[in-house]
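Structural overview for review
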Amino acid sequence: MTFCSPGDPALPPRLSEARRPLRRRAARGLLRRGALLLGATACALCAPAFAVRAQNVFQPKSVIPWLGGEATSAPRETAPRETVAPAPVHQPGPLTGAGPGIGSGISAAPLAPMGASPAPNLSPNLSPNLSPNPAAPFAFNVPNEPPARIVIPRGLDPETSGSAVISPQDLTPQARGSRIDSGEGLSLAAPSAEGAGLAGAFDLGLPQDMWSGSDPDSAEEALKGLRPTAYQAANGVLQRFLIATAPPPPGAEGVAALRARALLDLGAPDAAARLADLARSAKDPAAERAGAEAALIAGRDAVYCSVAHNAVESAARTEDLDGFWIGMRAYCLAREGNPMAAVAVSAMRERGRLDPLTAQLIEAMLDPGMKPFVQAPPPEGLDPLRLAALRQLEIPPPAAGARIAPLALLPAYLASPTAAPEAKIVAAERLEAAGAISTSELVSAYERFGGPPGGGPFARARAVLAAAQGVLDPAAVAAALIHASVEEGPQGFSSLARSFAPFLASAAPGSMQPDLAFAVRDSLLMAGDAEAARRWTPFLPSDTPFERADAAALLILTDPAPQPPLSQEDRAALEARARENDRSARLILMALEGLDPNGRIGPAAPYVQAAHAGREAEASLGALKALAAEGRTPRPETLAQVMRALSLSGLGADARRIAAEAALMTRWPGSQGR
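Now for a quick tour of the structure. (Residues numbered from 1 in each chain as written. Predicted model: local features only at pLDDT ≥ 70, side-chain atom pairs only at ≥ 80, totals over all residues. Heavy atoms only, no water.)

This part covers the overall build of the protein chain. Assigned secondary structure in the protein chain consists of 30 helices and two strands. Here the protein chain holds 674 residues, and the buried ones make up 56% of them. About 27600 Å² of surface is accessible on the protein chain, with carbon and sulfur atoms providing 57% of the total. (Helix = DSSP H or I, 4+ residues; strand = E, 2+ residues; numbered from the N terminus. Buried < 20%, exposed > 50% of the residue type's maximum accessible area, 1.4 Å probe, protein only. Areas by Shrake-Rupley, 256 points an atom, 1.4 Å probe, with all protein chains shown as cover.)

Put into C-alpha cells, the structure is as follows:
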C-alpha cells in the first residue's frame with residue numbers, strides 16, 4: 001500500500017482537493033474515537049486500582065522488577081549484544097545511620113552481600129517494608145522500569161546473593177554456542193501461553209531456542225517431577241529455566257502448568273502466580289490450580305478471588321477431585337463477607353466434600369465469635385487454604401511448621417502478620433538456602449525479627465547484626481558459623497556463611513585456630529568471593545600436600561576468572577585422600593572430571609546425551625532432576641555427570657558453583673572431612 005500526502009505527485013491535484021473534506025471528516029471521526037478509546041482505557045486501568053484500594057489489599061511484589069501489571073518478557077534480541085559489566089563489588093564496613101523504619105538504627109541498604117543493587121527475586125521481598133512493628137505484613141511493590149544491565153534471577157547474582165558467579169563470557173551467545181547469533185530458530189511472533197515467561201531467555205543467559213531438538217513428550221517429561229535441590233546455585237539455574245520466555249516444542253501441552261508448579265515447589269509463589277496468569281488463556285486446569293495455591297500462599301488471595309471468580313466456580317463444579325475448589329469457593333465468599341459461604345460450607349461438610357478443620361476455619365471468618373474455639377491445624381496438616389484462613393483470622397501458624405513444612409508453604413509465614421518471629425527467621429533461612437530469597441533479604445529478616453533474646457535463630461540474627469556493626473571480629477564470626485553448623489547442619493552453615501561473607505570480605509586476614517580459619521575461608525567461598533578467600537589462604541594450615549591441594553582445587557571451582565588446571569602433585573594428593581574415603585576429595589575430583597570435556601565420567605547419562613545433541617533445556621533440567629533425587633549427599637559420579645551436562649549446555653560457571661557448594665557442604669558440621 002502506498003501512502004500519499006496531499007502534495008504528493010502520485011495524487012492528482014484535483015482529486016486531492018476533492019478528498020480534502022473527506023479527510024477532515026475522517027480526522028474528526030478518528031479524534032472522537034481516539035478520545036472515547038482513551039477514556040475507556042483510563043477507566044479500565046483505574047477501576048482495579050480503586051477496587052483494590054477499597055478492599056485495603058496488599059498488592060503483590062513482582063518477581064521480576066521490570067514487570068508491571070502483566071508479566072512480559074524482556075525485549076527480544078536477534079543479534080548478539082555487548083554484555084554489560086556488573087556493578088562494582090560493594091565492600092561493606094561498619095554500618096551507620098538508620099534505615100527506613102528500622103528500630104535498630106542499622107541501615108538496610110549496605111547489607112547487600114556482594115553488591116550495591118538488589119537482584120530480582122522469586123519471592124516476597126523482605127527489605128522494602130522494614131517497619132518497627134514485627135506484626136506488619138510484608139509490602140509487595142512492582143517497579144516499572146526495566147533494569148539497565150543484565151540481571152540474573154534469585155540465587156545467581158554474585159552482587160546480591162553470593163551465589164553462582166556468571167561471567168560476561170558465559171552470557172554471550174558466541175561463547176555459549178547459541179543459535180541466537182545467526183537468528184536460527186527465532187520467531188518474532190508473540191509467545192504462546194505455554195512458552196510465555198517472566199523474562200527473556202537471552203537476558204537470563206539462556207538460548208531462546210533452548211527446546212530446539214526436543215520432542216513434545218521429552219519436554220513434558222523434563223518438566224515433570226522437578227523439585228528443589230540441596231544447593232542454592234542449582235536452584236538458581238532451575239529458576240532461570242522456569243521463568244524464561246521460550247517456545248516449547250510444537251504439540252507440547254501443559255508446559256506452563258508444570259513450570260508454575262515447579263516454581264511453587266521452589267518457594268516462589270509470586271512467580272508461579274504470574275506464570276499461571278499467563279497460561280490462563282490456555283484454560284489449563286493444572287495451571288489454574290497452581291495459580292490459586294500461589295495466590296493463597298503469597299497473600300494475593302483478594303486479587304485472585306476478584307479476578308478468577310468464574311474460574312473458581314467452574315472448577316468447583318467440574319474438576320474438584322480433592323475438595324480444593326469447593327474450599328476455595330467458600331473461602332472467597334467468606335472473605336467477601338458473603339453469607340452464602342456458610343450455606344456452602346454446611347452443605348459440603350455434610351456431603352464429605354470439605355474436611356472439618358478447613359470448614360471450621362472458613363466459618364470463623366464469617367463469625368468472629370467462633371475464633372476463640374478455632375483449632376489451629378498441626379504442622380504436618382498445613383496447606384495453602386488453611387494458611388490463608390489463619391492469616392485472615394490473625395491466628396499464628398504453628399511455629400514448628402517453619403521447620404518441617406514444604407518450601408512451597410514457607411512464604412506464607414513471611415506474609416503472616418501474626419507468625420512468631422522465630423518461625424519467620426527459620427522460614428527465611430530455609431528459603432535463602434534454597435535460593436528462593438536473596439541473602440540480603442535474609443539479613444533484613446534477621447534485622448526485623450531477631451530482636452528477642454534467646455538462642456537458635458535469635459542468636460544467629462544477633463551475630464549477623466553485630467558483624468554488620470563491626471562488633472564481632474573474624475574469629476567470633478567463625479565460632480558462630482561452626483556453632484550454626486552443629487545446630488542446623490550444612491544448610492544452616494551455608495545460609496549463615498553467605499550472610500557473614502560481606503563483613504568477612506572487608507576484614508583484615510589474620511592468624512587463628514585452624515577450624516576458625518577454615519570456617520572463614522569456606523564462608524567466603526560459599527558466597528562466591530574467591531578473591532577474598534584467596535587473601536585468607538595463607539593463614540590456613542598448609543602443612544600437608546592435601547591441604548594445599550584442597551585449597552587450590554576449591555579456588556579453581558569458585559573463581560570465575562580462568563584458572564590453570566590442577567597440578568599433577570595436587571591431583572595426586574586429592575586422589576590419595578579420596579582413596580581414604582574422604583567424600584569432599586572425591587566430589588572435587590569427579591567435579592573436575594565432569595568440567596573437563598575429556599574427563600572420565602563413565603557411561604553418559606541420558607541428560608548428558610541430550611546435552612551432546614544440543615538439547616539444552618532437556619539436558620539441564622534432567623541434570624538438575626538427577627541432582628535433586630540424591631538429596632544432600634550426591635554420589636561423586638552423579639555430580640560429574642551433572643557437571644558435564646551443564647557445561648555442554650553453556651552453563652559452565654553455574655556448574656563450577658554447584659560443585660564448590662556440594663564440596664563445601666560435605667565438610668560441615670564442624671571440620672569433618674578435612
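From this point, the discussion proceeds with the structure in view.
Here we come to the packing of aromatic side chains. Summed over all chains, the structure comprises three aromatic pairs. For the ring pair Phe-324 and Trp-325, a centre distance of 5.1 Å and an interplane angle of 75° mean the geometry is edge-to-face. Each member of the pair Phe-324 and Trp-325 is classed as buried. We note Arg-577 situated over the ring of Phe-546; from NZ or CZ to the ring centre the distance is 4.1 Å. (Phe/Tyr/Trp six-rings, centres within 6.5 Å; stacked < 30°, edge-to-face > 60°. Lys NZ or Arg CZ within 6 Å of the ring centre and 35° of its normal.)

Here we take up the nonpolar core. Counting residues in hydrophobic clusters, the biggest one holds 140 residues, and the most contacted among them are Met-210, Phe-500, Leu-524 and Leu-574. In contact with Leu-524, other than residues within four places in its own chain, are Ala-501, Leu-504, Ala-505, Asp-529, Ala-532, Ala-533 and Trp-536. Counting 33 residues, the second-largest nonpolar core is a separate cluster that includes Ala-295, Ala-341, Ala-359 and Leu-361. (Core = buried A, V, L, I, M, F, W, Y, C linked by side-chain atoms within 4.5 Å. Contact = heavy atoms within 4.5 Å.)

It is the contact of helix 7 (residues 269–278) with helix 8 (residues 285–298), at a shortest axis distance of 8 Å, that shows an interaxial angle of 145°. When the axes of helix 7 and helix 8 are compared, the crossing they make is left-handed. Between helix 7 and helix 8, the contacting residues are Pro-269, Asp-270, Ala-272, Ala-273 and Ala-276 on the first element and Ala-287, Gly-291, Ala-294, Ile-297 and Ala-298 on the second. Residues that form the contact of helix 7 with helix 8 fall into these classes: eight nonpolar, one polar and one charged. (Axes fitted to C-alpha atoms, helices over the stretch in contact; angles between N-to-C directions. Left-handed = near helix turned anticlockwise from the far one by under 90°. Nonpolar A, V, L, I, M, F, W, Y, C, P; charged D, E, K, R; others polar.)

Our next topic: the state of the cysteines. Covalent bonding between the sulfur atoms of two cysteines defines a disulfide. Counted under the stated rule, the structure contains one disulfide. Disulfide pairing is shown between Cys-305 and Cys-332; the S-S distance is 2.0 Å. Judged by the torsion about the S-S bond (-70°), the Cys-305/Cys-332 disulfide is left-handed. Highlighted residues: Cys-305 in helix 9 (residues 301–307) and Cys-332 in helix 11 (residues 324–335), separated in sequence by 27 residues. In this structure, Cys-305 and Cys-332 share a single accessibility class: buried. (Disulfide = S-S within 2.5 Å.)

Axes are the key here: two packed helices are described by the angle between their axes and the distance separating the axes. Taken N-terminus to C-terminus, the directions of helix 8 and helix 14 (residues 384–393) make an angle of 30°; their axes are 8 Å apart at the nearest point. Crossing handedness for the pair helix 8 and helix 14: left-handed. Contacts between helix 8 and helix 14 involve Glu-293, Leu-296 and Ile-297 on the former and, on the latter, Pro-384, Leu-385, Ala-388 and Arg-391. Looking at side-chain class alone, the contact of helix 8 with helix 14 contains five nonpolar, no polar and two charged residues.

Moving on to the environment of Leu-465. Positionally, Leu-465 belongs in helix 19 (residues 457–468). By relative accessible area, which is 12% here, Leu-465 ends up buried.

Purely spatial values, then, with no claim about function.
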